[in-house]
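# Structure assessment
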Amino acid sequence: SLLPVSVYEKISFPYIKQIVEALRPTKIPLILFCRGSHLYLPFLKQLNPAGISIDWQIDLAPIRKQVPLPTALQGNLD
């Protein structure tokens, strides 16, 4: 099962943010993925990754409207 958004925000997101910030100086393009990523999109896009891998539960078209370029979108496979 997926974490409720409020739990993700308090428990998981701070660690993901810490990892991304630690890796950012390496200039390695980062692609973020987590199960249920469409639910956590407001948090993931804050990190300005090179890409976000979207889970299969939602169409990419509405996600593209929420995630500005140059962030790539990928995935969406079951």
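In the block above lies the structure referred to throughout.
Everything in this summary refers to the structure shown in the same document. (Residues numbered from 1 in each chain as written. Predicted model: local features only at pLDDT ≥ 70, side-chain atom pairs only at ≥ 80, totals over all residues. Heavy atoms only, no water.)

## Here we look at the overall build of the protein chain
Helix and strand counts for the protein chain come out as three helices and three strands. Listing the helices and strands of the protein chain from first to last along the sequence gives α-β-α-β-α-β. Taking 2.2 N^0.38 as the reference for a compact globule, 78 residues should give roughly 12 Å; the C-alpha atoms of the protein chain span a radius of gyration of 12 Å, in line with that estimate. Out of the 78 residues in the protein chain, the part that is buried amounts to 31%. Sequence separation of 24 or more characterises 27% of the internal contacts of the protein chain that already satisfy a separation of 6 or more. Carbon together with sulfur atoms contributes 61% to the accessible area of the protein chain, which is approximately 5,300 Å² in total. The protein chain carries 8 positive and 5 negative side-chain charges, and their two centres are separated by 8 Å. (Helix = DSSP H or I, 4+ residues; strand = E, 2+ residues; numbered from the N terminus. Rg over C-alpha atoms; globule rule 2.2 N^0.38 Å. Buried < 20%, exposed > 50% of the residue type's maximum accessible area, 1.4 Å probe, protein only. Contact = heavy atoms within 4.5 Å. Areas by Shrake-Rupley, 256 points an atom, 1.4 Å probe, with all protein chains shown as cover. Lys, Arg positive; Asp, Glu negative; His and termini not counted. Charge placed at Lys NZ, Arg CZ, Asp CG, Glu CD.)

## Looking at the sheet that holds strand β2 (residues 51-54)
Pairing is parallel in the open sheet, where three strands are placed in the order β1-β2-β3. Lying at the two open borders of the sheet, with one neighbouring strand each, are β1 (31-33) and β3 (72-75). Going across the sheet, the axis of each strand differs from the next one's by a mean of 30 degrees, ignoring polarity. Of the pairings in the sheet, the one linking β1 to β2 comprises three bridges and is parallel in character. Of the residues in β2, the one forming a bridge with L32 is I52. (Pairing = 2+ DSSP bridges. Axes fitted to C-alpha atoms, helices over the stretch in contact; angles between N-to-C directions.)

## What to know about helix α1 (residues 5-23)
At S12, α1 shows its strongest bend, of approximately 45 degrees, with the proline P14 following within four residues. Taken together, the buried positions of α1 are Y8, F13 and V20. Contacts made by the buried residues of α1 are with β1 and α2 (41-44). (Bend = angle between axes of the 7 residues up to and from the residue.)

## Describing unusual backbone geometry
The omega torsion across L69 and P70 is 20 degrees, close enough to zero to call that bond cis. Position of P70 among the secondary structure elements: in the loop between α3 (60-66) and β3. Positive phi is not limited to glycine here, since N48 has a value of about 50 degrees. You can see N48 is positioned in the loop between α2 and β2.

Distances and angles like these do not, on their own, reveal function.
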